[in-house]
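Understanding the architecture of this molecule
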Amino acid sequence: GAGVSQSPRYKVAKRGQDVALRCDPISGHVSLFWYQQALGQGPEFLTYFQNEAQLDKSGLPSDRFFAERPEGSVSTLKIQRTQQEDSAVYLCASSLVQRAYNEQFFGPGTRLTVL
Amino acid sequence: KNQVEQSPQSLIILEGKNCTLQCNYTVSPFSNLRWYKQDTGRGPVSLTIMTFSENTKSNGRYTATLDADTKQSSLHITASQLSDSASYICVVSPNAGNNRKLIWGLGTSLAVNP
């Protein structure tokens, strides 16, 4: 069965460039999460959607980061004017509903390198 | 401060051997604890999820234990295989109302050698 997919898998950007990262969650999953994972670290929560509503964006590190999920399925994480400290793996996860014991299914991530 | 600490940081074992990974947490309140396996270049995959009332849960050759009193968990891998080489991450959810503010450990990097 199809899992969570992300594209591109790898992105190299020059500092100052804008990037857009895509996440296709598992069909029917209501909840969608974005995480940032630096090398050797655990994932850090960025933002959360329930359907098309962005209910929590407290983890976005700056106003250069923007996420959307306009139709409640595919989501895009956009980073404007990229900086070197934005280099990380960006993980997307989805879960069927937003309950404490619901498993989050992760995509393979997009590795962003900012030169 | 909510923290999840794992040990050892890395581990090398021979194929077929057993191993045990440790997780200590200081997260409060506590809702559930998860173990994830993350292969290099892949997203984390859930192995087990345990609430405070569960003290053991198995998933194939993986067995997780939880002691909510001492705030410790372990992941035991039996008869290791080369494909078990990965990072194993302990994750604690503090909030019963949602699972989006997870506290992640740094993981144990396991290498299984032939």
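Here goes a summary of the coordinates provided. Just so it is clear, the model here is predicted, and its values are computed rather than measured.

Let us now look at the interface of chain A and chain B. Contact with chain A, which involves 23 residues of that partner, is made by 23 residues of chain B. There are zero salt bridges connecting chain A and chain B. Summed over the shared surface of chain A and chain B, the result is three residue pairs in polar contact (both at pLDDT 80 or more). With three residues, strand β4 (residues 31–37) of chain A is the single largest residue contributor to the side of chain A that touches chain B.

A few words on the state of the cysteines. The final tally for this structure, using the stated rule, is two disulfides over all chains. Disulfide partner of C23(A): C92(A), at an S-S distance of 1.9 Å. Its S-S torsion of about -65° marks the bond between C23(A) and C92(A) as left-handed, since a negative value means left-handed. Here C92(A) lies in strand β9 (residues 88–95) and C23(A) lies in strand β3 (residues 19–24), a separation of 69 residues in the sequence. A sulfur-sulfur distance of 2.0 Å marks the disulfide that ties C23(B) to C90(B). Between C23(B) and C90(B), the S-S torsion sits near -70°, and that sign places the bridge as left-handed.

A word on the nonpolar core. Grouped together as the largest cluster of nonpolar side chains are 24 residues, with contacts concentrated most on V4(B), Y25(B), L33(B), W35(B), L75(B) and Y88(B). Mapped by element, the contributors of at least two residues to this core are β3 (19–25), β4 (32–38), β5 (45–51), β7 (62–67), β8 (72–77), β9 (86–93) and β11 (108–113) of chain B. In this structure, V4(A), I26(A), L60(A) and L77(A) belong to the second largest nonpolar core, which totals 20 residues.

In a structure, side chains of opposite charge can pair up when their charged atoms sit close to one another. All names here are of chain A. Tallied over the entire structure, the rule returns five salt bridges over all chains. R64 is paired through a salt bridge with D86; the nearest N and O atoms lie 2.8 Å apart. In this pair, R64 sits in the loop between β6 (53–56) and β7 (65–68) while D86 sits in the loop between β8 (75–79) and β9, placing the two residues 22 residues apart along the sequence. A salt bridge links K78 to E68, with the shortest nitrogen-to-oxygen separation between them at 3.4 Å. Of this pair, K78 sits in strand β8 while E68 sits in strand β7, and the two are 10 residues apart along the sequence. The partly exposed category is assigned to K78, whose relative accessible area is 33%. The exposure class of E68 is partly exposed, given its relative accessible area of 26%.

Attention now moves to the sheet that holds β8(B). Residue and element names in this part refer to chain B. The antiparallel open sheet is built from five strands, whose spatial order is β1-β3-β8-β7-β6. Two strands lie at the open edges of the sheet, namely β1 (4–7) and β6 (56–59), each paired on one side alone. Direction aside, neighbouring strands of the sheet carry axes that sit 15° apart on average. Two elements, β3 and β8, share six bridges in a ladder whose sense is antiparallel. Bridge pairing links L21 to L75 in β8.

Aromatic ring pairs are defined here through the distance separating the ring centres and the angle between the ring planes. All names here are of chain B. Enumeration over the complete set of coordinates arrives at 11 aromatic pairs over all chains. Ring plane angle 20° and centroid distance 5.0 Å describe the contact between Y25 and F30, whose orientation is recorded as stacked. Per residue, the accessibility class of Y25 equals that of F30, and both read buried. Between the aromatic rings of Y36 and W104, the centroid separation amounts to 5.3 Å while the plane-to-plane angle is 25°, which identifies the pairing as stacked. Of this pair, Y36 sits in strand β4 while W104 sits in strand β10 (residues 103–104), and the two are 68 residues apart along the sequence.

What follows concerns the pairing of β5(B). Residue and element names in this part refer to chain B. For β5, a buried count of six out of seven residues is recorded, marking the element as mostly surrounded by other parts of the structure. Where β4 lies against β5, six bridges are found, and the strand directions are antiparallel. When the sheet's bridge partners are listed, N32 is paired in β5 with T51. Between β4 and β5, which pair antiparallel and follow one another directly, the connecting turn spans six residues, one of which, G41, has a positive phi of 80°.

Procedures and definitions
- Residues numbered from 1 in each chain as written.
- Chains lettered and ligands numbered in written order.
- Predicted model: local features only at pLDDT ≥ 70, side-chain atom pairs only at ≥ 80, totals over all residues.
- Heavy atoms only, no water.
- Contact = heavy atoms within 4.5 Å.
- Salt bridge = Lys/Arg side-chain N within 4 Å of Asp/Glu carboxyl O.
- Polar contact = N/O pair within 3.5 Å; in protein donor to acceptor, adjacent residues only side chain to side chain.
- Helix = DSSP H or I, 4+ residues; strand = E, 2+ residues; numbered from the N terminus.
- Disulfide = S-S within 2.5 Å.
- Core = buried A, V, L, I, M, F, W, Y, C linked by side-chain atoms within 4.5 Å.
- Buried < 20%, exposed > 50% of the residue type's maximum accessible area, 1.4 Å probe, protein only.
- Pairing = 2+ DSSP bridges.
- Axes fitted to C-alpha atoms, helices over the stretch in contact; angles between N-to-C directions.
- Phe/Tyr/Trp six-rings, centres within 6.5 Å; stacked < 30°, edge-to-face > 60°.

Treat this as a map of the structure, not an account of what it does.
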